[in-house]
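Secondary and tertiary structure notes
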Amino acid sequence: MRTTLSLDDDVAAKLAAASRKSGKSIKETVNDALRRGLFSAQTAHKPKPFVVEPQKMGALKPGLSLDKISALIDEADGAWHR
């Protein structure tokens, strides 16, 4: 297939350098680069979702309640955390 393709100057320079380095024509270099780019886009995997696994922390100290979170934070970190 014959088509006209307009390249940015930086891309054209990199293609020319890659072509010289590999000894292949510009056409072969462009086709190879496009194949690699298209293949990697198709095979890119999605990362696994982050999952939080709860851990048992033991019992609360006597006199502390989960109903008063700010009191628990004060107990653990002191009043400076605010």
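Per chain, residues are indexed from 1 in the order of the written sequence. Whole-chain, interface and lining totals are the exception, using all residues; otherwise, since this is a predicted model, local features are given only for residues with pLDDT of at least 70 and side-chain atom pairs are given and counted only at 80 or more. The side-chain figures draw on all heavy atoms in the structure; neither hydrogens nor water molecules are used.

Side note on the overall build of the protein chain
Counting secondary structure elements, the protein chain contains three helices and zero strands. For the purposes of this entry, the term helix denotes a DSSP run of H or I that reaches at least four residues, the term strand denotes a run of E that reaches at least two, and both are numbered from the N terminus. Listed by position from the N terminus, the elements making up the protein chain come as α-α-α. In terms of principal-axis extent, the alpha carbons of the protein chain reach across some 80 × 30 × 25 Å. For each residue, the accessible area found with a 1.4 Å probe, counting protein chains only, is set against the maximum for its type, and the residue is called buried under 20%, exposed over 50%, and partly exposed in between. Within the protein chain, the fraction of its 82 residues that count as buried is 6%. If you sum the accessible surface of the protein chain, you get close to 8200 Å²; carbon and sulfur atoms cover 58% of it. The convention is simple: Lys and Arg are positive, Asp and Glu are negative, and His and the chain ends are not counted. Charged groups are reduced to one reference atom each: NZ for lysine, CZ for arginine, CG for aspartic acid, CD for glutamic acid. Within the protein chain, one finds 14 positive and 10 negative side-chain charges whose respective centroids are separated by 10 Å. Per-residue accessibility takes into account occlusion by the displayed protein chains alone, with areas from the Shrake-Rupley method and a 1.4 Å probe.

A few points about the packing of helix α1 (residues 9-22) against helix α2 (residues 26-43)
Interaxial angles span 0 to 180 degrees and are taken between N-to-C directions of axes, which are lines fitted to C-alpha atoms, for helices over the stretch in contact. One can describe the packing of α1 onto α2 by two numbers: an axis separation of 9 Å at closest approach and a directional angle of 110 degrees. Taken together, α1 and α2 sit at an angle that is classed as roughly perpendicular. Side by side, α1 and α2 meet where Leu-15, Ala-16, Ala-18, Ser-19 and Ser-22 of the first sit next to Ile-26, Thr-29 and Val-30 of the second. Looking at side-chain class alone, the contact of α1 with α2 contains five nonpolar, three polar and no charged residues. Comment on the angle field: the value is read as roughly parallel under 35 degrees, roughly antiparallel over 145, roughly perpendicular from 65 to 115, and oblique elsewhere. Contact criterion: two residues are considered in contact whenever any of their non-hydrogen atoms come within 4.5 Å of each other. In this count, Pro and Cys sit with the nonpolar residues alongside Ala, Val, Leu, Ile, Met, Phe, Trp and Tyr, while Asp, Glu, Lys and Arg are called charged and the others, Gly among them, polar.

These figures come from the coordinates and say nothing about function on their own.
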